[in-house]
Amino acid sequence: MSDIAALFQRLTQGVYVIGVGDAAEQNAFTAAWVMQVSFDPLLLALSVNPRHASYALLQRGRAFSINVLSKEQLALAAHFGRPASVDKLASVSWTKGRTGMPLLHDAIAWFECAVEDERRAGDHVLVVGRVTGGELRDKTAIPLAYRDTGAMDGAAALFPTRFSKS
Ligand SMILES: Cc1cc2nc3c(=O)[nH]c(=O)nc-3n(C[C@H](O)[C@H](O)[C@H](O)COP(=O)(O)O)c2cc1C
């Protein structure tokens, strides 16, 4: 792992399954780049690679769910980290939230968000969502930390070996 990849691993992040969909189709993908960005109104931001199949669905549905994983759920993180060439939701238990977005029965918490804004951020798109609902389903479970996913997402290879000066 490069020095820069190791440096970025010190940013503390969680691991979430983001549910997206429209009237005809639903999907979900693993994401670590999720954070609260406002109290009033309650806003959460998500950084998504626009090349993911999920991004087109997110744009069509204008909403997303955030399913919080526990430290026992590395396998779910890996499952939803795979591309949408298979129906990832077919093998798990889930329901549609009030906005129609997938809520995983095994998640320790849910958020439901309506898309408020988005802007390009380098090779990703920063999507800001207004929180329209949520539920804490397991008060004692410890959330999964991104650091504990190791090399699962192959991100180490995406970091540069030196900082750009410009
Ligand atoms: C631990 C982990 C964290 C990830 N974090 C993000 C993220 O924050 N944003 C993102 O766009 N993709 C992230 N990914 C990659 C997507 O989950 C992955 O590319 C997935 O295949 C996209 O799903 P889709 O093809 O169904 O849209 C992450 C993957 C893993 C395993």
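Relevant structure appears above.
The present account deals with the structure reproduced in this document.

Quick notes on the rules
- Residues numbered from 1 in each chain as written.
- Predicted model: local features only at pLDDT ≥ 70, side-chain atom pairs only at ≥ 80, totals over all residues.
- Heavy atoms only, no water.
- Helix = DSSP H or I, 4+ residues; strand = E, 2+ residues; numbered from the N terminus.
- Buried < 20%, exposed > 50% of the residue type's maximum accessible area, 1.4 Å probe, protein only.
- Contact = heavy atoms within 4.5 Å.
- Lys, Arg positive; Asp, Glu negative; His and termini not counted.
- Charge placed at Lys NZ, Arg CZ, Asp CG, Glu CD.
- Near = heavy atom within 4 Å.
- Polar contact = N/O pair within 3.5 Å; in protein donor to acceptor, adjacent residues only side chain to side chain.
- 1 Å grid on protein atoms, 1.4 Å probe; cavity = no way out; pocket = protein on both sides within 12 Å on 5 of 7 lines; lining within 4 Å.
- Sits in = over half its atoms within 2 Å of the grid points.

### Concerning the overall build of the protein
Right, so step 1: The helix and strand tally for the protein stands at 3 helices and 9 strands.
Right, so step 2: Counting from the amino terminus, the protein carries its helices and strands in the arrangement α-β-β-β-β-α-β-α-β-β-β-β.
Right, so step 3: By principal-axis analysis of the C-alpha atoms, the protein measures approximately 45 × 35 × 35 Å.
Right, so step 4: The buried share of the protein, reckoned over its 166 residues, is 42%.
Right, so step 5: Once local pairs closer than 6 in sequence are excluded, the contacts in the protein between residues at least 24 apart make up 64%.
Right, so step 6: Computed over 17 positive and 16 negative side-chain charges, the inter-centroid distance for the protein is 5 Å.

### What about the site of the ligand?
Right, so step 1: Among the 23 residues in the neighbourhood of the ligand, the closest are listed as Asn 27, Thr 30, Asn 49, Ser 54 and Lys 88.
Right, so step 2: Between an oxygen atom of the ligand and a side-chain N or O atom of Asn 27, the distance comes to 2.7 Å.
Right, so step 3: In this structure, Ser 47 approaches the ligand through a main-chain N or O atom, which is 2.9 Å from a nitrogen atom.
Right, so step 4: Of all the cavities here, the one that holds the ligand is the largest pocket.
Right, so step 5: When residues of the shell around the ligand are traced back to their parent elements, those giving at least two are β2 (26–31), β4 (43–48) and α2 (53–61).
Right, so step 6: Here the shell around the ligand takes 4 residues from β2, the largest share from any one element.

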